[in-house]
Amino acid sequence: MIVKKVLAIGGSDPSGGAGIQADQKTLTEIGVYGYTAVTAVTVQNSRGATSYDVLSSKLLRDQINAILDDGEIQGVKTGMLGNPEHVLDVANLITKNAINYSIIDPVIKASSGKHLVTETTVEAMKEKLLPLGFMVTPNIDEASYLSGIKIESENDLLKAARIIEKTGVQWVLIKGGHIDGDFAVDLLYDGNQDYFFRAKKVRAENVRGTGCMMASAICAYLVKGYDPYESVNRAKTYVRNKISNALLLGKGSLQALHFCMKGDADEDRTD
Ligand code: PLP
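As the structure is a computational prediction, the values presented were derived from the model and not from experiment.

Analysis parameters
- Residues numbered from 1 in each chain as written.
- Predicted model: local features only at pLDDT ≥ 70, side-chain atom pairs only at ≥ 80, totals over all residues.
- Heavy atoms only, no water.
- Disulfide = S-S within 2.5 Å.
- Buried < 20%, exposed > 50% of the residue type's maximum accessible area, 1.4 Å probe, protein only.
- Near = heavy atom within 4 Å.
- Polar contact = N/O pair within 3.5 Å; in protein donor to acceptor, adjacent residues only side chain to side chain.
- Helix = DSSP H or I, 4+ residues; strand = E, 2+ residues; numbered from the N terminus.
- Nonpolar A, V, L, I, M, F, W, Y, C, P; charged D, E, K, R; others polar.

Student: Give a detailed account of the state of the cysteines, specifying residues and quantitative values.
Tutor: For the coordinates displayed, the defined rule picks out zero disulfides. Its sulfur unpaired, cysteine 212 is 13 Å from the next cysteine sulfur, which belongs to cysteine 219. Classification of cysteine 212 as buried rests on a relative accessible area of 11%. Given a relative accessible area of 0%, cysteine 219 falls into the buried group.

Student: Tell me about the site of the ligand, and please be specific about residues and values.
Tutor: Taken together, the neighbourhood of the ligand is formed by 13 residues, with Gln44, Ala110, Gly209, Gly211 and Cys212 sitting nearest. The contact in question runs from an oxygen atom of the ligand to an N or O atom on the side chain of glutamine 44, over 2.4 Å. Mapped by element, the contributors of at least two residues to the shell around the ligand are strand S2 (33-45) and helix H7 (210-223). Split into classes, the residues belonging to the shell around the ligand amount to five nonpolar, eight polar and no charged.

Encoded structure:
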């Protein structure tokens, strides 16, 4: 049995709704081995994040090197990066190890609104990491920040994607779930072709960690051999299921459940 391996790099969320805990559960459920390297420890629960501490760049590098010393990985997924040095550590990891599939979720804030990343870190991501990335997966706020475009319509999605693609990243996926209306519209763009994904919104309540799950699921499907369009398509179905089945486990937002559901994780690509 060949097992594909993905390293998720990001912040720890003790409530498991977002961050590397959500990444690892997603990778596991889709049938990929998930390694994790922690950039920061956040303090949060289903009601939101209250504080965090960032780990040293040395500690992040040591974790990354410990994984790489143990064998090859096929993909990297990044979430919360604690400072510009972390960004450089990830950039070095991608270039030195010729990682084909690097999925960058440019996390800026927790869904509760707390900033998890400083402006200088986002600037470093834009300059040093996006040019090396296979795919970047901003939500509307993150895409607005990265492009300088206020996004209110499908046309704005395209304008923003074109600007973000100029950083050198191969694929841009803007998740338009938060644009007003009954439909969630996402745009995947590679500099030539634009692919719009339209789906009726599943529910109104907030489920935390959907961005983390989406980026991890895309990375998992890519390393399993699906092309970028199909990986996004499958990841959307996966996250949609998570949103539909989410439950109130705490006292705040709904929590996704990662108990293996038939159809998400079972089959591997055979052609
Ligand atoms: N990473 C960490 C550690 C977080 O705490 C959060 C949000 O709380 C995120 C990433 C982003 O979460 P989401 O997937 O909701 O965008």
